[in-house]
Amino acid sequence: MSVALIILAAGQGSRMNSALPKVLHPIAGAPMLHHAIAAGNTIKPDHVIVVAGVGADQVTASAKSFDATVQVVLQHEQLGTGHATAMTRETLKDFDGLAIVLFGDTPFISSNTLQALVQSSADVTVLGFEPVDPARYGRLIMNDDQLERIVEFKDATDAERAIGLCNSGVLAAPAPILFDLIEALNTDNAQGEYYLTDLPYLARTKGLNVAVVTCDAAETLGINSRAELAAADAHFQTATRNNMMESGVTLIAPDTVYFSLDTVIGRDAFIEPNVVFGPHVTVDSGATIRAFSHLEGCHISKGSIVGPFARLRKGTQLSEDVRIGNFVEVKNATLSTGAKVNHLSYIGDASIGEKANIGAGTITCNYDGVMKHHTKIGSHAFIGSSTMLVAPISIGDEAMTGSGSVITSDVEAGALALARARQTTKSGMARKLFQKLRSIKAKQTKGE
Ligand code: UD1
Ligand code: MG
């Protein structure tokens, strides 16, 4: 059956108390909306339409950056979930397949649950769930296996509020039926909005079948406040840790490892405690990430070891068997097979050749205050400890720099560059100096 997903994302999200549109608040490094689109895409829909309103430019850019095939329609005034759904009528005017309405603030629906909605034979199918605390969710009023109506928390009586079966917001109906029913919505309710939740009641009055499919409460976690955002993130982390371990990744202290929506880690990778995977990180099979490392926008190949206490930033590419040690920061740099940066260094805007060894305290001085410049280090080069490489600069294959050098001109292959003051040693001078200082101190103490 052909399917169109309608993702409602136009609301202000006033309970977030934020200048950022609610659906752009991040969960695991990615906007909530990306999670919602990713969840919907698992059933390979024919259309995905996002309804944007508050912060529409930002929401549109964010949706398209995640999935260029997503269509965006605008809801200029936020008159309710029913009104938001009606905004897609024009886009779907020739579509007679199943329309499924999802909420941008309910991003964890599983593929199986969406499939259950696709397979439902009812005219209208609502996704319900039974949370431990039904809180402010809408309640489902059943009559045998038919859903009679949905009552919003604000409009519910005490008896209705005592019902545990809640509305997830997700609703499915063939597009022609959906738009037909939406025509009949009104704003006669506590919030003065066009509620999508009035659809089941309208459907029943027309003698249509209205069924409920239920799912696990974790899938329908609605995010309306910062506390719910934190709870959603925690839920995502727990699920991802379990998925990672099932797919063969070792996490020796899973509760301390933080993942992003798009983190990809290969089988038999080994992750020590307290590691943060920011957005866009891929780790190949058999790599090791040691404790207290922070990674984002990077790729780590097989056999490489990162950390402890390493920071890998955007644009970092580690080939096989690279070593990045403690207190090393790497940004926008490519390190070839077997290269080592083991201690206390900053490598930014650089390419480092095979088996090059970068000594402790080396810094690529990549920024002149206005522009960024590149550093190239050849294969098997040996950069002495505490070398300052003033970019743009190139160090040839098998070249060497002396410790403490400030290198400002290119070094040819095989050459040794020394750029530091020559040492002078004065015999007996230290002892004389100590004696002099001690006698000064003795005189001062007497005088006190
Ligand atoms: C909604 C449901 C409630 C359900 C709950 C589940 C309605 C009327 N209520 O309440 O029954 O239990 O979700 O989480 O549907 N939106 C628009 N345009 C609007 C209004 C809202 O696009 O004019 C979008 C919001 O951006 C949001 C979604 O629709 O993504 C839901 O809106 P929200 O205000 O969060 O509804 P809830 O009060 O959570
Ligand atoms: Mg909500």
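Residues numbered from 1 in each chain as written. Chains lettered and ligands numbered in written order. Predicted model: local features only at pLDDT ≥ 70, side-chain atom pairs only at ≥ 80, totals over all residues. Heavy atoms only, no water.

Visitor: Could you give an account of the coordination of the magnesium ion (ligand 2), with specific residues and numbers?
Guide: For a metal bound by four donors in a tetrahedral arrangement, the ideal donor-metal-donor angle is 109.5 degrees, while six donors in an octahedral arrangement ideally sit at 90 or 180 degrees. Binding of the magnesium ion (ligand 2) to the protein goes through Asp105 (OD) and Asn224 (OD1), at separations of 2.2 to 2.3 Å. Of this pair, aspartate 105 sits in the loop between strand E6 (98-103) and helix H4 (111-119) while asparagine 224 sits in the loop between strand E11 (210-214) and helix H8 (226-246), and the two are 119 residues apart along the sequence. Each member of the pair, aspartate 105 as well as asparagine 224, is classed as buried. (Donors = N, O, S within 2.8 Å, 3.2 Å for Na, K, Ca; no water. Helix = DSSP H or I, 4+ residues; strand = E, 2+ residues; numbered from the N terminus. Buried < 20%, exposed > 50% of the residue type's maximum accessible area, 1.4 Å probe, protein only.)

Visitor: Give a description of the domain arrangement of the chain that names residues and reports values.
Guide: Accessible area lost on assembly of the parts is the figure often given for the size of an interface. Once the domains are mapped, the chain shows domain 1 (3-220) and domain 2 (230-417). Between the C-alpha centres of domain 1 and domain 2 the distance comes to 43 Å. Contacts between the two partners involve ten residues from domain 1 and, on the opposite side, ten residues from domain 2. Taking both sides of the interface into account, the surface hidden between domain 1 and domain 2 amounts to around 690 Å²; carbon and sulfur atoms contribute 76%. Taken together, the connections running from domain 1 to domain 2 amount to zero salt bridges. (Domains from an automatic or database assignment. Contact = heavy atoms within 4.5 Å. Buried area = accessible area lost by both parts, 1.4 Å probe. Salt bridge = Lys/Arg side-chain N within 4 Å of Asp/Glu carboxyl O.)

Visitor: Outline the nonpolar core, supporting the account with residue identities and numerical values.
Guide: Counting residues in hydrophobic clusters, the biggest one holds 44 residues, and the most contacted among them are Ile271, Phe277, Ile300, Ile324, Leu335 and Ile395. Elements with a minimum of two residues in this core: strand E16 (281-283), strand E19 (298-300), strand E21 (310-312), strand E24 (328-335), strand E26 (346-352) and strand E32 (393-395). With four residues, the single largest contributor to this core is E24. Apart from residues lying up to four places away in sequence, isoleucine 271 is in contact with Val249, Thr250, Leu251, Ile252, Val257, Ile265, Phe277 and Ile289. Among the nonpolar cores identified, the runner-up in size contains 34 residues, and Ala10, Ala86, Leu181 and Leu202 belong to it. (Core = buried A, V, L, I, M, F, W, Y, C linked by side-chain atoms within 4.5 Å.)

Visitor: Could you give me a rundown of the sheet that holds strand E30 (residues 382-383), with the residues and numbers involved?
Guide: What holds strands together in a sheet is hydrogen bonding between their backbones, with the strands either parallel or antiparallel. Ordered by their spatial adjacency, ten strands build an open sheet running E12-E14-E17-E20-E23-E25-E27-E30-E33-E35, and the pairing between neighbours is parallel. Unpaired on one side and paired on the other, strand E12 (250-251) and strand E35 (416-417) mark the two borders of the sheet. As paired elements, strand E20 (residues 305-306) and strand E23 (residues 323-326) share two bridges and run parallel to each other. Along E23, the bridge assignment pairs valine 306 with isoleucine 324. (Pairing = 2+ DSSP bridges.)

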